[in-house]
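Residue-level structure breakdown
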Amino acid sequence: MTKITIVTITYNAADVLERTLESAIAQTHRDVEHIIVDGASTDQTLTLAFGYKQRSDQQNNGHTVSIVSEPDHGIYDAMNKGLKLATGDYIVFMNAGDCFHCDDTLAVVAAQAEAEPRPAVVYGDTDVVGNDGQFLYHRRLSPPEHLTWRSFRQGMLVCHQAFYARTDIAKTVDYDLRYRFSADVDWCIRVMKEAERRQLPLANTRQTVAHYLEEGQTTRNHKASLRERFDVMRRHYGLLTTLAMHAWFVVRNLKPSQQH
C-alpha cells in the first residue's frame, strides 16, 4: 500500500487548524503519516494538535501523527523540516486552514500512485474556501491534462496543496529560503524538472483534491509575492519568456474574474 505523508505547518493557527485536522483524520486511506511542524505557537494550536494525535492513536486507523514544535525561520524552513522527517512514498503539504476535498482523496491519490513506473507527481484540482471553510469558487487556474515543468510559465497551474511529490525525489529538492512567499512555486518546478530528468510521468487524478484557504500568506503579501514569482520564472524560463508571459497576465487580469 502506498504510504502518504501529510505535512502541516502551523504557527498560532488555532482558529483554522481544526478543520485541517478533521479533514486528515477522516481520510479512508489507511497508510498515512501526518507530521505537524509548529513554529512554537503561543495560542491553542498545540493543544489542538496533541488532542488530534491522541484521537488518531485511539482510533488505530493506520494513521500516525508526530508533532514538532520549535522556533523556525519561516514557513519554508518549517517545510524543509517536514521534508526531512517524511517517510511516506509521497508527500503533500496541507497547511492550517487547508483541507482535502473529500474523505477518499488520499485513496484516489494512492491509486494513481500505484501505476508503473511510479509517477514522480500525482496532481489534481483545487477549490477555494473562506475563513469559515465554506466553498467560495473553483480555482480559475486549472491543471493541464499533461503537466510538465514548462506548464508553470502560465502561472502555478497546480496548487501546492494539490501536488503530491514522490518523497525520494522531493527530498533532493529543498525549499529555497531566499524566497519568503514563492518558494513553493520554485520547489514544484524543480521537482518536475527532476521528474523529466528521470523520465518519470506526472499523473493527473482529474479530480478536485484540495480546498485552499483564500487568505493565505501569498494573498496577504501580494506585491512581494509577485516580485518573487517573477524572479522564479526568470530563473527557470528566461527573461524574455517571463516578460512575455507577464504581459499576457496583465491582459488576462483585465477581464473581470477571480484569480489565485
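Here the structure is a predicted model, which means the values were calculated and not measured.

Now for the pairing of strand E3 (residues 63-69). Two strands pair when backbone bridges link them, and strand E2 (residues 32-38) and E3 are joined in this way by seven bridges, in the parallel orientation. Bridge pairing in E3 places His34 opposite Val65. Running through helix H2 (residues 45-59), the crossover from E2 to the neighbouring parallel element E3 is right-handed.

This next bit is on the state of the cysteines. Per the stated rule, a full pass over the model turns up zero disulfides. Here Cys99 is not disulfide-linked; the sulfur of Cys102 is the nearest cysteine sulfur, at 12 Å. The structure places no disulfide on Cys188, whose sulfur is separated from the nearest cysteine sulfur, that of Cys159, by 8.9 Å. Residue Cys188 is classed as buried on the basis of its relative accessible area, which comes to 0%.

Let us look at helix H1 (residues 14-25). Helix length check: H1 (12 residues) gives 17 Å between terminal C-alpha atoms against 16 Å at 1.5 Å per residue, within 8%. Taken together, the buried positions of H1 are Val16, Leu17, Arg19, Thr20, Leu21, Ser23, Ala24 and Ile25. The elements touched by buried residues of H1 are strand E1 (4-10), E2, H2, E3, strand E5 (99-100) and strand E9 (202-213).

Moving on, we get to a nonpolar patch on the surface. Among the surface-exposed residues, Leu239, Leu240 and Leu243 lie close enough to one another that they form a single nonpolar patch of about 320 Å² accessible area. With respect to the secondary-structure elements, Leu243 resides in helix H9 (residues 239-253).

The omega torsion of the bond from Glu116 to Pro117 falls at -5°, within 30 degrees of zero and hence cis. Mapping Pro117 onto the fold places it in the loop between helix H4 (105-113) and strand E6 (121-129). Positive phi values are uncommon outside glycine, yet Ala40 reaches one of about 65°. Checked against the element boundaries, Ala40 lands in the loop between E2 and H2. Unlike most non-glycine residues, Asn60 shows phi in positive territory, near 50°. On the secondary structure map, Asn60 appears in the loop between H2 and E3. Residue class for Asn60 comes out exposed when judged on its relative accessible area of 62%.

We now examine the environment of Arg234. Tracing the backbone shows Arg234 in helix H8 (residues 222-237). Each C-alpha atom, one on Arg234 and one on Arg153, is 9.6 Å from the other, the two residues being 81 residues apart in sequence. Every residue in contact with Arg234, bar those within four places of it in the chain, is listed here: Leu239 and Thr242.

All right, on to the packing of H1 against H2 then. Two packed helices can be described by the angle between their axes and the distance between those axes. Where H1 contacts H2, the axes come no closer than 9 Å and their chain directions differ by 15°. Judged on the interaxial angle alone, H2 and H1 are roughly parallel. The way H1 lies across H2 gives a crossing that is right-handed. Counted together, Ala14, Leu17, Leu21, Glu22, Ala24 and Ile25 of H1 and Thr45, Leu48, Ala49, Tyr52, Arg55, Ser56 and Gln59 of H2 form the full contact between these two elements. Residues belonging to the contact of H1 with H2 are distributed by class as follows: eight nonpolar, three polar and two charged.

The rules behind the values
- Residues numbered from 1 in each chain as written.
- Predicted model: local features only at pLDDT ≥ 70, side-chain atom pairs only at ≥ 80, totals over all residues.
- Heavy atoms only, no water.
- Pairing = 2+ DSSP bridges.
- Helix = DSSP H or I, 4+ residues; strand = E, 2+ residues; numbered from the N terminus.
- Right-handed = clockwise from strand over helix to strand, strands pointing away.
- Disulfide = S-S within 2.5 Å.
- Buried < 20%, exposed > 50% of the residue type's maximum accessible area, 1.4 Å probe, protein only.
- Expected span 1.5 Å × (residues − 1).
- Contact = heavy atoms within 4.5 Å.
- Patch = residues over 30% accessible without salt bridge, like charges linked within 9 Å, V, L, I, M, F, W, Y side chains within 5 Å.
- Areas by Shrake-Rupley, 256 points an atom, 1.4 Å probe, with all protein chains shown as cover.
- Salt bridge = Lys/Arg side-chain N within 4 Å of Asp/Glu carboxyl O.
- Axes fitted to C-alpha atoms, helices over the stretch in contact; angles between N-to-C directions.
- Parallel < 35°, antiparallel > 145°, perpendicular 65-115°, else oblique.
- Left-handed = near helix turned anticlockwise from the far one by under 90°.
- Nonpolar A, V, L, I, M, F, W, Y, C, P; charged D, E, K, R; others polar.

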